[in-house]
Amino acid sequence: MASDIFIDTTSTEPTAPAADRLAKPAMLRGWKRRCPNCGNGPLFKGYLTVRDECATCGQELHHHRADDGPAYLTILVVGHIMAPFLHMTFTHFDEPDPLIVASVFSVGCVASCLFLLPRLKGGLIGLQWAKRMHGFKTH
């Protein structure tokens, strides 16, 4: 009987696949430290402090849970970039001065970490937004 069919019209979740958010553009916007929704508003109000909402489109951003993930990813990436260079330094140069090697690689690691950390955090927030994780479900 057709009268027994119940359709829930109160749900706020999208039902069509067309309403899905694309992860790649959202992560690229986050990498650029922009709002994952509109791509125009700034994502951060400081070096790593995420804004409560986007100044341009009003998207709430305080839902994110990017706790230690960006730090782990930063260490992983910088370690995999610097380790081969450190190995090449000791294999190609005959007895390099340890103080110079330590100084150069310390500065390189710190600079790489400072560059990557906010970008990876923005990318992770963009992924959370695209996948509707945590509090990003309804907006």
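Since we're looking at a predicted model, the values are computed, not measured.

Here's the deal with the packing of helix 1 (residues 23–31) against helix 3 (residues 98–130)
Thinking step 1. Axis separation between helix 1 and helix 3 bottoms out at 7 Å; the angle between their running directions is 150 degrees. Between helix 1 and helix 3, the angle falls in the class roughly antiparallel. At the point where helix 1 passes helix 3, the crossing takes the right-handed sense. Across the interface between the two elements, A23, A26, M27, G30 and W31 of helix 1 pack against F115, L116, R119, L120, G122, G123, G126, L127, W129 and A130 of helix 3.
Thinking step 2. Residues that form the contact of helix 1 with helix 3 fall into these classes: 10 nonpolar, four polar and one charged.

Section: the confidence of the model for the protein
Thinking step 1. Confidence in the prediction for the protein averages 86 pLDDT; 85% of positions are at 70 or higher.
Thinking step 2. Taken as a whole, residues 11–18 scores under 50 in pLDDT and shows five contacts with residues more than four places along the chain or in a different chain.

Some points on the nonpolar core
Thinking step 1. One finds L43, V50, L61, I125 and W129 to be the most contacted residues of the largest nonpolar core, which totals 13 residues.
Thinking step 2. The dominant element in this core, judged by the number of residues it contributes, is helix 3, at four residues.
Thinking step 3. Not counting chain neighbours up to four residues away, the residues in contact with I125 comprise L43, V50, H64 and A66.
Thinking step 4. Membership of the second largest hydrophobic core comes to six residues, among which are V78, M82, F105 and L120.

Some remarks on the environment of R119
Thinking step 1. With respect to the secondary-structure elements, R119 resides in helix 3.
Thinking step 2. C-alpha separation for the pair R119 and R34, spaced 85 residues apart in sequence, amounts to 9.7 Å.
Thinking step 3. Leave out the neighbours within four places in its chain, and R119 touches G30, W31 and R33.

Observations regarding a nonpolar patch on the surface
Thinking step 1. Judged by side-chain polarity, L73, L76, V77, I81, F85 and M88 come together as a nonpolar surface patch covering roughly 490 Å² of accessible area.
Thinking step 2. Looking at the secondary structure, you find M88 in helix 2 (residues 69–92).
Thinking step 3. Taking relative accessible area as the criterion, M88 reaches 35% and is therefore assigned partly exposed.

Overview of the environment of C35
Thinking step 1. Here C35 lies in the loop between helix 1 and helix 2.
Thinking step 2. Residues C35 and I125, 90 residues apart in the sequence, show an inter-C-alpha distance of 9.2 Å.
Thinking step 3. Not counting the four nearest positions on each side in its chain, C35 is found in contact with R29, G41, L43, C54, C57 and Q59.

About the thresholds
- Residues numbered from 1 in each chain as written.
- Predicted model: local features only at pLDDT ≥ 70, side-chain atom pairs only at ≥ 80, totals over all residues.
- Heavy atoms only, no water.
- Axes fitted to C-alpha atoms, helices over the stretch in contact; angles between N-to-C directions.
- Helix = DSSP H or I, 4+ residues; strand = E, 2+ residues; numbered from the N terminus.
- Parallel < 35°, antiparallel > 145°, perpendicular 65-115°, else oblique.
- Left-handed = near helix turned anticlockwise from the far one by under 90°.
- Contact = heavy atoms within 4.5 Å.
- Nonpolar A, V, L, I, M, F, W, Y, C, P; charged D, E, K, R; others polar.
- pLDDT = per-residue confidence, 0-100.
- Core = buried A, V, L, I, M, F, W, Y, C linked by side-chain atoms within 4.5 Å.
- Buried < 20%, exposed > 50% of the residue type's maximum accessible area, 1.4 Å probe, protein only.
- Patch = residues over 30% accessible without salt bridge, like charges linked within 9 Å, V, L, I, M, F, W, Y side chains within 5 Å.
- Areas by Shrake-Rupley, 256 points an atom, 1.4 Å probe, with all protein chains shown as cover.
- Salt bridge = Lys/Arg side-chain N within 4 Å of Asp/Glu carboxyl O.

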